[in-house]
Amino acid sequence: MLDATEGRSPRLGTVTSRVHLRALAPTAGDGTTDELETALTAARSGDEAGFAMLWRDLHPRLLRYLRGCGDEGPEDLAAETWMHVVRGLPTFEGGIPEFRAWLFTIARHRAVDQGRARSRAPQTVSVADPVAAAGLAPTAPSAEQEAADNDATAQALRLVATLPSAQAEMVLLRVVAGLDVADVARLLDKQPGTVRVGVHRALRSLSASLSPSPGHEPEGGE
C-alpha cells in the first residue's frame, strides 16, 4: 500500500495496522496504466469495451469510498456517479489521473447531495452493467475470498470511521480512491501541506489504536 503522505511504503509501527489499511488501498485492475490510458481514449469515442475496463478498475474503489463516507445505498450512488461520467465522457480531457480525480469529485458531490436529501424517499437508479453490455466475462472471486475481502474492508472502514471527519475524508480520498495529494487538496479546498499533515496524523492515530499496549504479548509470542 502506498503511504498517503509521501508515496512510500508506510511505517505504521505494527503489522496489524498495515493489514487493516491494506484492505482499503486500490487493488490491481484489468491492466497497466498504459492499457487504461488506451481504454480511456477508446471510451471517449464510445467504445464499450474501453469503458468496461475503466469501470472494472475503478468501481470497487468507488464503492469503498462511498461506504467509508457512510452513505446509504452506496451501489445506487455509485450507479448515479457513473451515469454522470457517461454523459460527460465525450468532452472529458485528460489522462487516467485526471479521470480518477473527476470520478471521485462527482461521487463526492453526489454524496453531499444525498446527505442533504436524506429526509426524502430514496430514488432507485438503474444502470446497465457496462461489462455485460460489452459482452465481456468478468472474473468472479470465490465465495470464500469475497467474504474475506468484504470482512477486511468492513474492519478497515470501521477504523477510519473513528477518525475526525476531516481526517477520515482525506484518508478515504488518498488511500481508498488513490488520488494524488494535489487532487485531494483541490477537491477539499485545502492546501496540499494541510492534506499531507492531516493524512499523516490520521495514519499515526490508526497505528496507535492498533498497537499492542505496553506489556501485552502478541499472540504466538514466546
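Preceding this paragraph is the structure being described.
Note that residues are indexed from 1 along each chain, following the sequence as it is written. Under the rules for a predicted model, residues below a pLDDT of 70 receive no local features and side-chain atom pairs below 80 are neither given nor counted, while totals for whole chains, interfaces and linings still include all residues. To obtain the side-chain values, all non-hydrogen atoms of the structure were included, while hydrogens and water were left out.

**Student:** In this structure, what is going on with the environment of leucine 89? I would like to understand it.
**Tutor:** Relative to the helices and strands, leucine 89 resides in the loop between helix H4 (74–88) and helix H5 (96–116). In this structure, the C-alpha to C-alpha distance between leucine 89 and arginine 44, residues 45 residues apart in sequence, is 5.6 Å. With residues up to four places along the chain from it excluded, the contact list for leucine 89 reads Leu40, Ala43, Arg44, Phe51, Phe99 and Trp102. Numbering of helices and strands starts at the N terminus; helices are DSSP runs of H or I of at least 4 residues and strands are runs of E of at least 2. Two residues qualify as a contact provided that any one of their heavy atoms is within 4.5 Å of a heavy atom in the partner residue.

**Student:** I keep staring at unusual backbone geometry and nothing clicks. Help me out?
**Tutor:** Most peptide bonds are trans, and most residues other than glycine sit at a negative phi. In this structure, aspartate 189 is a non-glycine residue whose phi angle is positive, near 55°. Relative to the helices and strands, aspartate 189 is located in the loop between helix H9 (181–188) and helix H10 (192–210).

**Student:** Any chance you could explain the pattern of salt bridges here in plain terms?
**Tutor:** By definition, a salt bridge exists where a carboxyl oxygen of Asp or Glu is found within 4 Å of a side-chain nitrogen of Lys or Arg. Under the definition given, this model contains five salt bridges. The residue glutamate 75 makes a salt bridge to arginine 67 at a minimum N-O spacing of 3.4 Å. Under the scheme applied here, a residue whose accessible area is under 20% of the maximum for its type counts as buried, over 50% as exposed, and between as partly exposed, the area being computed with a 1.4 Å probe on protein chains only. Classification of glutamate 75 as partly exposed rests on a relative accessible area of 43%.

**Student:** Explain the packing of helix H3 (residues 48–68) against helix H8 (residues 165–176) to me, please; I cannot follow it from the model alone.
**Tutor:** Axes are the key here: two packed helices are described by the angle between their axes and the distance separating the axes. As a packed pair, H3 and H8 sit with axes 10 Å apart at the nearest point and diverge in direction by 170°. Taken as axis vectors, H3 and H8 run roughly antiparallel relative to one another. Taking contact as the criterion, the partners of Arg61, Arg64, Tyr65 and Gly68 in H3 are, on H8, Glu169, Leu172, Leu173 and Val176. For the contact of H3 with H8, the residue count by class is four nonpolar, one polar and three charged. Between N-to-C directions, angles span 0 to 180 degrees; the directions come from axes that are lines fitted to C-alpha atoms, helices contributing only their stretch in contact. Small angles under 35 degrees read as roughly parallel and large ones over 145 as roughly antiparallel, with 65 to 115 read as roughly perpendicular and the rest as oblique. Following the grouping adopted for this structure description, the nonpolar residues are Ala, Val, Leu, Ile, Met, Phe, Trp, Tyr, Cys and Pro, the charged ones are Asp, Glu, Lys and Arg, and the polar ones are all others, Gly among them.

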